[in-house]
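Topology and contacts: notes
The residues making up each chain are set out below.
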Amino acid sequence: MFVLRKIKDIVKVPPWMFNMDIQEALTQVINKMMANKVILNVGLCIRVHDILETGDANILPGDSYIHVETIFTMIVFRPYIGELIIGKIKSYSKKGIYITLNFFDDIFVPAEYLPEPSLYDEEKQMWKWLYKDDYNGEHEMYMSHDDPIRFVVFNENFKDCSPDEKDLEETQESCYSITGKMNEQGLGLTNWWP
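Residues numbered from 1 in each chain as written. Predicted model: local features only at pLDDT ≥ 70, side-chain atom pairs only at ≥ 80, totals over all residues. Heavy atoms only, no water.

Section: the UniProt feature "domain: RNA polymerase Rpb7-like N-terminal" (unreviewed entry) in the protein
Per the UniProt record, the feature "domain: RNA polymerase Rpb7-like N-terminal" (unreviewed entry) sits at residues 8-63. Counting secondary structure, residues 8-63 comes out at 23% helix and 45% strand; the distance between its end C-alpha atoms is 22 Å. (UniProt positions renumbered as here; feature names shortened; annotations may be inferred. Helix = DSSP H or I, 4+ residues; strand = E, 2+ residues; numbered from the N terminus.)

The following block contains the structure:
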């Protein structure tokens, strides 16, 4: 779910950090700059793991910041395809279920990947799995808001969210989203399985 990615960037350290240890200053600046941001085809940045290498510190004419070429490793959220994850139900619609991990909310399980057979209950506005056993017949197993849920990562989607003048007025879509599936044995609500 979490991986380390090596990144090279020029980091601008402000004057009020000049009295700090350079490693600490770079770590703070990079965390502020990149934490909770998505890098296209890399994942969601969480925090700096360590600073690997720094170049010379340069001050450009008319700029009071020092510019340091830095190579560092970043802890990144990017689960692999087929990875089993436990989250919580955030919301649902007729199209499927939205799942949250508390720090990442762009996970969707489409209706066709829910346990079979599943139905959307219009009256209660929630999904239910119609579980059948040989002894007691059919059971309606509802999936409620905030229920812990187990799913498998089926697909991921990156979208270039670079600022563009024509897109400024449009609604911003998610830069990184995950599609999950729950239509296999042992998946779904955690209280369904021992």
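This is not the end of the story, as more comes after the structure.
What to know about the nonpolar core
Ranked by internal contacts, the top residues of the largest apolar core, which has 26 residues, are Ile97, Met143 and Met182. At the level of elements, strand 5 (84-93), strand 6 (96-100), strand 7 (107-110), strand 9 (126-133), strand 11 (148-158) and strand 12 (176-181) are the ones that each hand at least two residues to this core. Top element by residues in this core is strand 11. It accounts for five residues. By size, the runner-up hydrophobic cluster in this structure holds 18 residues, among which are Val13, Ala25, Val29 and Val42. (Core = buried A, V, L, I, M, F, W, Y, C linked by side-chain atoms within 4.5 Å. Buried < 20%, exposed > 50% of the residue type's maximum accessible area, 1.4 Å probe, protein only.)

Quick word on the sheet that holds strand 2 (residues 38-39)
Spatially, 1-4-3-2 is the arrangement adopted by the four strands of the open sheet, whose pairing is antiparallel. The sheet is open, and its two borders are formed by strand 1 (2-13) and strand 2, each paired with just one other strand. Strand direction decides the pairing type here: strand 2 and strand 3 (residues 43-59), joined by two bridges, are antiparallel. Within strand 3, the residue paired with Val38 across the bridge is Leu44. Running at roughly 135 degrees to strand 3, helix 1 (residues 22-34) makes contact with strand 1, strand 2, strand 3 and strand 4 (66-77) of the sheet. (Pairing = 2+ DSSP bridges. Contact = heavy atoms within 4.5 Å. Axes fitted to C-alpha atoms, helices over the stretch in contact; angles between N-to-C directions.)

Focus: the pattern of salt bridges
Counted by the stated rule, this structure contains eight salt bridges. When the shortest N-O distance is used, the salt bridge between Glu69 and Lys8 registers 3.6 Å. Placement of the pair is Glu69 in strand 4 and Lys8 in strand 1, with a sequence separation of 61 residues. Residue classification places Lys8 among the exposed positions, given a relative accessible area of 57%. (Salt bridge = Lys/Arg side-chain N within 4 Å of Asp/Glu carboxyl O.)

Side note on unusual backbone geometry
Cis geometry marks the peptide bond from Glu116 to Pro117; its omega dihedral reads -10 degrees. Looking at the secondary structure, you find Pro117 in the loop between strand 7 and strand 8 (118-121). One non-glycine residue, Asn36, lies in the positive phi region at around 70 degrees. As for its placement among the helices and strands, Asn36 is situated in the loop between helix 1 and strand 2. At Gln125, a position not held by glycine, the phi torsion is positive, near 55 degrees. Residue placement: Gln125 occurs in the loop between strand 8 and strand 9. Relative accessible area serves as the criterion here: at 41%, Gln125 is assigned to the partly exposed category.

Notes on the packing of aromatic side chains
What the rule picks out here adds up to 13 aromatic pairs. Between Phe158 and Tyr176, the ring centres sit 4.4 Å apart and the planes meet at 20 degrees, which makes this aromatic pair stacked. Within this pair, whereas Phe158 is found in strand 11, its partner Tyr176 is found in strand 12, the two being separated by 18 residues in sequence. Of the residues examined, Phe158 reaches a relative accessible area of 16% and is grouped as buried. According to the relative accessible area criterion, Tyr176 is buried, its value standing at 1%. Here the aromatic residues Phe2, Phe77, Phe103, Phe104, Phe158 and Tyr176 are joined through ring pairs into a cluster of three or more. Lying over the aromatic face of Tyr65, Lys12 brings its terminal NZ or CZ to 5.0 Å of the ring centre. A cation over a ring is seen here: Lys124 above Tyr142, with NZ or CZ 4.4 Å from the ring centre. (Phe/Tyr/Trp six-rings, centres within 6.5 Å; stacked < 30°, edge-to-face > 60°. Lys NZ or Arg CZ within 6 Å of the ring centre and 35° of its normal.)

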